[in-house]
Amino acid sequence: MSQEVRVRFAPSPTGALHIGGVRTALYNYLFAKKQGGKFLLRIEDTDQARFVPGAEDYIKEALDWMGISPDESPWHGGPHGPYRQSERKSIYKEYAMDLLEKGHAYYAFDTAEELDAMRQRLTAARVVSPQYNSITRTQMKNSLTLPADEVKARLEAGEPYVIRVKIPRKEEVRLQDKVRGWVMVHSNTLDDKVLMKSDGMPTYHLANIVDDHLMKITHVIRGEEWLPSAPLHVLLYRFLGWEESMPTFAHLPLLLKPDGNGKLSKRDAEKHGFPLFPMSWTDPDSGQVADGFRDQGYLPEALVNFLAFLGWNPGDHRELFTLEELVEAFTLERIGKSGTKFDINKAKWYNEQYLRKKSDHELAAYLTADLKKEGIQIPQDNAEKIVSVMKERATFPADLWKEGRFMIFAPETFDTQVAEKKWNADAAKVLTAYSEKLEALQEPLDAATAKELLAVSAEECGVKLGKVMQAVRLAITGVGAGPDLMQVFEILGKEELIKRIGFSLKTLGIAG
Ligand code: GLU
């Protein structure tokens, strides 16, 4: 039997989940489902100083909204829990001790001042990035330099210490990344990272490796910003004797600014007015609210489709994929190496596509909810008719009402620019004739009749219909552009049209 695929999304609850994090979660989900495996969520909260209340609930809600909930998590439980690192504290110590015993880690007693002095010394000696490493450790206060009985005495006296990894001095560390291919790093560029802090908490590196091993993770799919940590992780797997079962790595390409120049930043989002979070987030300290995709009217299926294509493609020209279709098509091999531009217009395009796929019945619910906020009530069949013509032009559900007000309320004013350019005596003549024809009509108006009567009116007035069409639209809707006008006429009905024509002739004048 082949091994069960198990992947994890491992966010730190330090604030709202960034949209890049949502993409990471999505790729993990897609890969797990495609392989018939499990998608885990582990909360990496070992850094108590950066813990932000509410962040964990936010992560859960965001993933649930997107439809990519994990199989195992702090909320769902599972056979390898607990899934919050703060609840696994006792587990890590054992592995740190194991590394100490095997000589792959050591105690370090240096105070903050001593570490500072070391950095200053190195900076003065023109070392570009001063580090605690295989060279500098020989001059510091640690169990490699101090006599064994002093180390013992310090530990027994309860002196604060950290445990650091002992990076080999000269070694090429290699790893094969599913996205980037072979990655090779010389160990002399790595520093002796802290594995256990003085408060007894593990750091990210130790906890991450221990948990991935104990949770039987087979593939680590995460953002490119973690690639520099991967060589250390490879060494830790080896030092702990877990090299055989080391997961496969896949580091996802960076999300770039809309113009492709550099990493996507908060400033870009502010400048272009797009959100960086799946849902709105209120900073618990400042009370500041950051906008989210959900609140701006993005549909989860559109966001899923958009994010899936930020770094992956199916290898053909298809662009519209439901979550199930993405699962079916997804492979790590088709993830690109180079950074990928964050094009919000593409996200909008996806939203339009998914909005149009919804039934009129579903869309009417958005419209009636917006109307209700303004104390307006309309019959369901009327709402369905309105959305059926408005959806072609809507990007967000709110546009159905924002752009479609004229479907319920007659215009009180007219777009002056369009009026200046398009309104004239011919238009007034045609509309007058049209109004009379509508008046004479016995049966209810449908789109085909509306069109026919309008054509006949124009012909009788000796006017080319195309020349006055925009003026006709202006007279009925108040603006120069909108959905299919004859559909609009059918929905408005005869009486309403006659009323609107009368008002516009009065307001815009008949002389032109
Ligand atoms: N806790 C890390 C983060 O916040 C996890 C990185 C990883 O997936 O290894 O992204």
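Up top is the structure.
Residues numbered from 1 in each chain as written. Predicted model: local features only at pLDDT ≥ 70, side-chain atom pairs only at ≥ 80, totals over all residues. Heavy atoms only, no water.

Visitor: So what's going on with the site of the ligand? Residues and values would help.
Guide: As a structural note, the neighbourhood of the ligand is formed by Arg 8, Ala 10, Ser 12, Glu 44, Tyr 204, Asn 208, Arg 222 and Trp 226. Between the ligand and Arg 8, the relevant distance is 2.7 Å, taken from an oxygen atom to a side-chain nitrogen or oxygen of the residue. The separation between an oxygen atom of the ligand and a polar side-chain atom of Tyr 204 is 2.8 Å. Of the residues that constitute the shell around the ligand, the class distribution is 3 nonpolar, 2 polar and 3 charged. (Near = heavy atom within 4 Å. Polar contact = N/O pair within 3.5 Å; in protein donor to acceptor, adjacent residues only side chain to side chain. Nonpolar A, V, L, I, M, F, W, Y, C, P; charged D, E, K, R; others polar.)

Visitor: For the packing of helix H12 (residues 360-373) against helix H13 (residues 380-390), give the residues involved together with the corresponding values.
Guide: H13 packs onto H12 with a crossing angle of 100° between their chain directions and a minimal axis gap of 8 Å. With respect to each other, H12 and H13 are oriented roughly perpendicular. Packed against H12, whose contacting residues are Asp 360, His 361, Leu 363, Ala 364, Leu 367 and Thr 368, the element H13 presents Gln 380, Ala 383, Glu 384, Ile 386, Val 387 and Ser 388 at the interface. Partitioned by chemical class, the residues of the contact of H12 with H13 number 6 nonpolar, 4 polar and 2 charged. (Axes fitted to C-alpha atoms, helices over the stretch in contact; angles between N-to-C directions. Helix = DSSP H or I, 4+ residues; strand = E, 2+ residues; numbered from the N terminus. Parallel < 35°, antiparallel > 145°, perpendicular 65-115°, else oblique. Contact = heavy atoms within 4.5 Å.)

Visitor: I'd like a description of helix H4 (residues 112-124), backed by residues and values.
Guide: Over its 13 residues, H4 runs 18 Å from end to end, which matches the ideal 18 Å to within 8%, given 1.5 Å per residue. If you check which residues of H4 are buried, you get Leu 115, Met 118 and Leu 122. For H4, the arc enclosing every buried residue in end-on projection is 60°, short of the 170-degree limit, so these residues lie on one face. Of the residues in H4, the exposed ones pointing more than 90 degrees away from the buried face are Ala 112, Glu 113, Gln 120 and Ala 124. The elements touched by buried residues of H4 are strand S4 (162-165). At the exit of H4 stands Arg 126, carrying a positive phi of roughly 65°. (Expected span 1.5 Å × (residues − 1). Buried < 20%, exposed > 50% of the residue type's maximum accessible area, 1.4 Å probe, protein only. Arc of directions from axis to C-beta.)

Visitor: How would you explain the packing of helix H17 (residues 447-460) against helix H18 (residues 465-477) if you had to name every residue and give the values?
Guide: Remark: H17 packs on H18, axes separated minimally by 10 Å, with the N-to-C direction vectors making an angle of 120°. When the axis of H17 is compared with that of H18, the two are oblique. Between H17 and H18 lies a crossing whose hand is right-handed. Between H17 and H18, the residues in contact are Leu 454, Ala 455 and Ala 458 and Leu 465, Met 469 and Val 472, respectively. Split into classes, the residues belonging to the contact of H17 with H18 amount to 6 nonpolar, no polar and no charged. (Left-handed = near helix turned anticlockwise from the far one by under 90°.)

Visitor: Tell me about the side chain of Glu 72, and please be specific about residues and values.
Guide: Here Glu 72 lies in the loop between helix H2 (55-66) and helix H3 (89-101). Overall, the relative accessible area of 4% leaves Glu 72 in the buried class. At 2.6 Å, the side chain of Glu 72 forms a polar contact with the side chain of Tyr 83. Sequence-distant contacts of Glu 72, that is, excluding residues within four places in its chain, are made with Arg 6, Lys 38, Phe 39, Leu 40, Leu 41, Gly 77, Gly 78, Pro 79, His 80 and Tyr 83.

Visitor: Tell me what's going on with the packing of aromatic side chains, and back it up with residues and numbers.
Guide: What the rule picks out here adds up to 22 aromatic pairs. Between the aromatic rings of Tyr 107 and Tyr 161, the centroid separation amounts to 5.1 Å while the plane-to-plane angle is 85°, which identifies the pairing as edge-to-face. Highlighted residues: Tyr 107 in strand S3 (residues 105-108) and Tyr 161 in the loop between helix H5 (148-156) and S4, separated in sequence by 54 residues. Residues Trp 349 and Tyr 350 carry aromatic rings whose centres are separated by 5.1 Å and whose planes lie at 70° to one another, so their mutual orientation is edge-to-face. In this structure an aromatic cluster arises from ring pairing among Tyr 27, Phe 309, Trp 312, Phe 321, Phe 330, Trp 349 and Tyr 350. Of note, Arg 164 hangs over the ring of Tyr 132, and the distance from its end group to the ring centre comes to 3.7 Å. Sitting above the plane of the Trp 65 ring, Arg 294 keeps its charged end 6.0 Å from the centroid. (Phe/Tyr/Trp six-rings, centres within 6.5 Å; stacked < 30°, edge-to-face > 60°. Lys NZ or Arg CZ within 6 Å of the ring centre and 35° of its normal.)

Visitor: Describe the sheet that holds S4, naming the residues involved and giving the relevant values.
Guide: Strand-to-strand pairing in sheets goes through backbone hydrogen bonds, with the strands running parallel or antiparallel. Read across the open sheet, the 3 strands follow the order S3-S4-S7; overall the sheet is antiparallel. With partners counted over all chains shown, the strands left at the sheet margins are S3 and strand S7 (194-196), one partner each. Pairs of neighbouring strands in the sheet enclose a mean axial angle of 45°, with direction left out of account. As judged from the 4 bridges shared by S3 and S4, these two strands associate in the antiparallel manner. When the sheet's bridge partners are listed, Tyr 107 is paired in S4 with Ile 163. (Pairing = 2+ DSSP bridges.)

Visitor: Explain the environment of Leu 195 to me, and be specific about the residues and the numbers.
Guide: Secondary-structure assignment places Leu 195 in strand S7. Relative accessible area serves as the criterion here: at 0%, Leu 195 is assigned to the buried category. When the C-alpha atoms of Leu 195 and Asp 116 are compared, they prove to be 19 Å apart, with 79 residues separating the residues in sequence. Those residues in contact with Leu 195 that lie beyond four places of it in its chain are Leu 99, Ala 105, Ile 163, Arg 164, Val 165, Met 201, Pro 202, Thr 203, Leu 206 and Leu 236.

Visitor: Run through the pairing of strand S2 (residues 38-41), naming residues and quoting values.
Guide: Direction of pairing for strand S1 (residues 6-9) relative to S2: parallel, over a ladder of 4 bridges. Bridged to Arg 6 within S2 is Lys 38. Crossover connection from S1 via helix H1 (residues 19-34) to parallel S2: handedness right-handed. (Right-handed = clockwise from strand over helix to strand, strands pointing away.)

On their own, these measurements won't tell you what the molecule is for.
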